[in-house]
Amino acid sequence: NVNPLLQALAYIAPDPTVAALPADLSANLLLSSDVWRLENIFGTLAGAPVSGELKQAPKSDGLQNRGLLTGRLNFDRLSFAQLASLALGVPQSLKPGALWSDQKLALGLANPPETQIDLTIARLDLLSDLQAQKAKLNLGFNTGIVRLQDFSAQLGEGEIGGDLTLRRDGANAA
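Keep in mind that this is a model prediction, so the values were computed, not measured. (Residues numbered from 1 in each chain as written. Predicted model: local features only at pLDDT ≥ 70, side-chain atom pairs only at ≥ 80, totals over all residues. Heavy atoms only, no water.)

Q: Honestly, the environment of Ala132 in this entry has me stumped. Any pointers?
A: With respect to the secondary-structure elements, Ala132 resides in strand 6 (residues 130-142). The exposure class assigned to Ala132 is buried, which follows from its relative accessible area of 0%. Here the alpha-carbon distance between Ala132 and Ser79, two residues 53 residues apart in the chain, equals 9.7 Å. (Helix = DSSP H or I, 4+ residues; strand = E, 2+ residues; numbered from the N terminus. Buried < 20%, exposed > 50% of the residue type's maximum accessible area, 1.4 Å probe, protein only.)

Q: Can you walk me through the pattern of salt bridges in this structure?
A: Any two side chains of opposite charge can pair, on the condition that their charged atoms come close. Scanning the entire structure with this criterion turns up 4 salt bridges. Across the pair Arg37 and Glu39 runs a salt bridge, and its minimum N-O distance is 3.9 Å. One salt-bridge network, in which partners are shared between bridges, spans Arg77, Arg123 and Asp125. (Salt bridge = Lys/Arg side-chain N within 4 Å of Asp/Glu carboxyl O.)

Q: Whenever I open this one, the nonpolar core confuses me. Can you help?
A: Most often, soluble globular proteins have nonpolar side chains that are buried together. Core analysis: the biggest nonpolar cluster contains 23 residues, and Leu73, Leu83, Leu119, Ile121, Leu124, Leu137 and Leu139 have the highest contact counts within it. Those residues in contact with Ile121 that lie beyond four places of it in its chain are Phe75, Arg77, Leu78, Gln133, Lys134, Ala135 and Leu137. (Core = buried A, V, L, I, M, F, W, Y, C linked by side-chain atoms within 4.5 Å. Contact = heavy atoms within 4.5 Å.)

Q: Would you explain the pairing of strand 2 (residues 36-45) in this entry?
A: Within a regular strand, the side chains alternate between the two sheet faces. With 8 bridges connecting them, strand 1 (residues 23-31) and strand 2 associate as antiparallel partners. Bridge assignment links Leu29 to a residue of strand 2, and that residue is Leu38. Hairpin connection of strand 1 to strand 2: 4 residues between the antiparallel strands. Where strand 2 lies against strand 3 (residues 48-57), 8 bridges are found, and the strand directions are antiparallel. Residue pairing across strands places Trp36 opposite Gln56, the latter belonging to strand 3. Between strand 2 and strand 3, which pair antiparallel in sequence order, lie 2 residues; one of them, Ala46, sits at a positive phi of approximately 55°. (Pairing = 2+ DSSP bridges.)

Q: I would appreciate a short explanation of the environment of Glu114 in the present structure.
A: Along the chain, the position of Glu114 falls in strand 5 (residues 114-127). Once the C-alpha coordinates of Glu114 and Thr70 are considered, the two residues, 44 residues apart in sequence, prove to be 8.7 Å apart.

Pasting the structure below:
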């Protein structure tokens, strides 16, 4: 369960309703006075194979903040719901036949650093019965905002692409 680590880093708030996020990962950790790096990330996250590298360093503007998290991650499988949960919180239970829950939104990321990560996803679950293949995008987020930029993927015999921004301000989402 990687949630206690994410709570310690203040990326997520403690929430007993959030399910454990199973992780079996290995990586090389490199630390310097103001930069940390995870290189050769390899393993599974939420049961899906993942690999890549991440780096967090101070922003070049020198402002007092948590820095900028950059890198690249490759997933065998991921869902759109998992990406959306970064801003909207974990999906709430659905009534039979419903596409959207009528419950309040769960907590999203508590205090993440500004993030720009390139994702490659072999299979992206858009809906329970609709999957895209060979998805690529730049995942950007900060407190209350998740951006999926430069998205492209194969869908059936065609291609889809675009940009999407999800915003969260307390109980409101757009």
